[in-house]
Amino acid sequence: MTFALIFDNNSYQFAQLIATEKKHSVVSLIDNPAEKKIKNENLIYSFNPVPAQIMPQLTEFRDGFDHELLWEMCEEKATWSWEELVSLYCSHDNEINRLGLFLAINDPAVYFVYQGEQAFKRCSREEINERKLQLQKMREYQAKFDAVYKDLLALKQPEWSCDPLSLLSKPDKNSLEYKAVTKAGKELKLSLTELLYKLGYITSIEDLLFKNFQKHYFPHGTELAELTITDHSDEIPLNQQIQIFSIDDALTTEIDDAFSVQKMADGWIIGVQISAQS
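Just so it is clear, the structure is predicted and the values come from calculations on it, not from any experiment.

A. Spotlight on helix α7 (residues 176-188). Helix length check: α7, at 13 residues, gives a terminal C-alpha distance of 18 Å against a target of 18 Å (1.5 Å per residue), a fit within 8%. On the buried face of α7, the contacting elements are α5 (125-153), α6 (166-169) and α8 (192-198). Downstream of α7 by a residue or two, Lys 189 has a phi angle that is positive, lying close to 60°.

B. Here's a closer look at the side chain of Asp 151. Here Asp 151 is to be found in helix α5. Within the buried set, Asp 151 has no salt-bridge partner at all; the shortest N-O distance to an opposite charge, 4.2 Å, is to Lys 156. When residues no more than four places from it in sequence are discounted, the contact partners of Asp 151 are Lys 156 and Pro 158.

C. Region of the structure containing helix α1 (residues 51-63). When the terminal C-alpha atoms of α1 are compared, their 17 Å separation across 13 residues agrees well with the 18 Å that a helix rising 1.5 Å per residue should span. Bending of α1 peaks at approximately 30° at the position of Gln 57. Within α1, burial applies to Pro 51, Ile 54, Leu 58 and Phe 61. Taken together, the buried residues of α1 touch β1 (3-8), β2 (11-20), β5 (43-47), α3 (82-89) and α4 (95-105).

D. Looking closely at the sheet that holds strand β8 (residues 119-122). An order of β6-β8-β7 is seen for the 3 strands of this open sheet, with the pairing classed as antiparallel. Each having just a single partner strand, β6 (79-81) and β7 (112-116) make up the two edges of the open sheet. Taking each pair of neighbouring strands and ignoring which way they run, the sheet shows an average axis angle of 35°. Bridge analysis of β7 against β8 gives 4 bridges, and the strand direction is antiparallel. Bridge pairing in β8 places Tyr 114 opposite Phe 120.

E. Up close: the sheet that holds strand β10 (residues 257-264). Spatial ordering of the open sheet is given by β9-β10-β11, a layout of 3 strands whose pairing is antiparallel. For this open sheet the edge positions go to β9 (244-246) and β11 (267-274), each flanked by a neighbour on one side alone. Neighbour to neighbour, the strand axes of the sheet diverge by 25° on average, direction disregarded. Relative to β10, β9 is paired through 3 bridges, and the arrangement is antiparallel. Bridge assignment links Phe 245 to a residue of β10, and that residue is Phe 259.

F. How the structure looks around the packing of aromatic side chains. Throughout the structure, instances matching the rule amount to 19 aromatic pairs. Look at Phe 213 and Tyr 217: their rings are 4.8 Å apart centre to centre, the planes differ by 45°, and that puts the pair in the tilted class. Residue Phe 213 and its partner Tyr 217 are located together in helix α9 (residues 205-217), separated by 4 residues, close to a single helical turn. Since its relative accessible area comes to 43%, Phe 213 is described here as partly exposed. Exposure remark for Tyr 217: the relative accessible area of 53% places this residue in the exposed category.

G. Expanded view of the pairing of β8. Summarising the sheet, β6 and β8 pair through 3 bridges and their orientation is antiparallel. When the sheet's bridge partners are listed, Ser 81 is paired in β8 with Ala 119. Connecting β7 to the antiparallel partner β8 that follows it, the hairpin turn spans 2 residues, and Glu 117 within it adopts a positive phi of roughly 55°.

H. Fine view of the environment of Arg 98. Among the structural elements, Arg 98 can be located in helix α4. Look at Arg 98 and you get buried, because its relative accessible area is 12%. Along the sequence, Arg 98 and Leu 5 sit 93 residues apart, while their C-alpha atoms lie 11 Å from each other. Apart from the residues within four sequence positions on either side, Arg 98 is in contact with Tyr 45, Trp 82, Glu 83, Val 86, Asp 93 and Gln 118.

I. Representation of the environment of Glu 127 in the model. By the element assignment, Glu 127 lies in helix α5. Classification of Glu 127 by relative accessible area gives partly exposed; the value is 30%. Remark: the alpha-carbon pair of Glu 127 and Val 110, spanning 17 residues in sequence, is separated by 8.0 Å. At a separation of 2.8 Å, a polar atom in the side chain of Glu 127 contacts the main-chain amide nitrogen of Ser 124.

J. Expanded view of the nonpolar core. Judged by nonpolar contacts, the single largest core of 33 residues is most densely connected at Leu 85, Leu 101 and Phe 112. Sorting the residues of this core by element identifies β1, β5, α1, α2 (67-73), α3, α4, β7 and α5 as the ones contributing at least two each. Considering every element that reaches this core, the biggest residue donor is α4, with 7 residues. Leaving out residues up to four positions away in the same chain, Leu 101 has contacts with Phe 61, Phe 65, Leu 70, Trp 82, Leu 85, Val 86 and Tyr 89. With 19 residues, the next largest nonpolar core counts Phe 145, Leu 167, Leu 176 and Tyr 178 among its residues.

Rules used in this analysis
Residues numbered from 1 in each chain as written. Predicted model: local features only at pLDDT ≥ 70, side-chain atom pairs only at ≥ 80, totals over all residues. Heavy atoms only, no water. Helix = DSSP H or I, 4+ residues; strand = E, 2+ residues; numbered from the N terminus. Expected span 1.5 Å × (residues − 1). Contact = heavy atoms within 4.5 Å. Buried < 20%, exposed > 50% of the residue type's maximum accessible area, 1.4 Å probe, protein only. Lys, Arg positive; Asp, Glu negative; His and termini not counted. Salt bridge = Lys/Arg side-chain N within 4 Å of Asp/Glu carboxyl O. Bend = angle between axes of the 7 residues up to and from the residue. Pairing = 2+ DSSP bridges. Axes fitted to C-alpha atoms, helices over the stretch in contact; angles between N-to-C directions. Phe/Tyr/Trp six-rings, centres within 6.5 Å; stacked < 30°, edge-to-face > 60°. Polar contact = N/O pair within 3.5 Å; in protein donor to acceptor, adjacent residues only side chain to side chain. Core = buried A, V, L, I, M, F, W, Y, C linked by side-chain atoms within 4.5 Å.

Given below as C-alpha cells:
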C-alpha cells in the first residue's frame, strides 16, 4: 500500500495513493475514504509507511525544528531543493526526516516558500517579518472568532464589534461576526432570526420591525441635534394700530396668512398680510 503527502483544500494532508495517471492521481484521504482526483502537481511525495505509525516521530521532529538555524545555514543562495535542505539540516536522509522537514517548513511557511517540483525559496528578512506579522493577525482573528463562536453556541451574547441586528438588515458577509453567526446557526440548526431571538436581541416581530424601521429611516438615531435659535422678533416690523385676523385653520403649523379691516373716514381698507420673510 502506498501513501502520499498531497496539497488539498489549502493544506498539506496525508492520503492513500490509489492510482497515478498522466495529469492526475486518484487518492483517498486518511480521514475520508471516498476517492477523489487531484492534479499531479499537488501530489508532493509518495511513501510506504502508514501515516498513523510515523505520526509521533513527525510530531517530535516538527516540535524540535529550528527554523532560524536552517534559514541561516541557507544564506549562500535563494533557492534550495528539498533534498539539499534535508542533507543540510539532518544527519541522514530518510522518509521521516523528509516529511518532517517539509511539514515543519510549511506549518506555517515563514522562512521558506515551497515553489513546487521539490524546490524551496529562501525568504528575505523583510519577508519573514511581514509573514510573522500576518500570522499574528491571523491568530488574533481566529482567537476572536473562536470566542464569539463559543458564546453563540452557548446562546450567550458575545462581545460584538457591530450592531447584531445589522446582520439581518445589511450584513457584511465577509465580517467575522456574520461568519460566526452563520456557522453557529448551522450547528444549532437555527435561522439567523431565531438565533438572535434566543440571544435576546429580538423580543418580538413588532420589536424587530420597529427597530429595522428606525435603522432604515433614522440611521443616525432619533434624537434631535442641539439647535441654536436666533430670536429675530425685534427685527419684524409690527403695526400696533391694526387688528389682524389669521385665516389659517386650526391644524396649521405656520400662522402666516391673515387679513385686516380698517375703518377710515371715507371708507374701509381691507389689508392682506403674509409672514415677514426671514
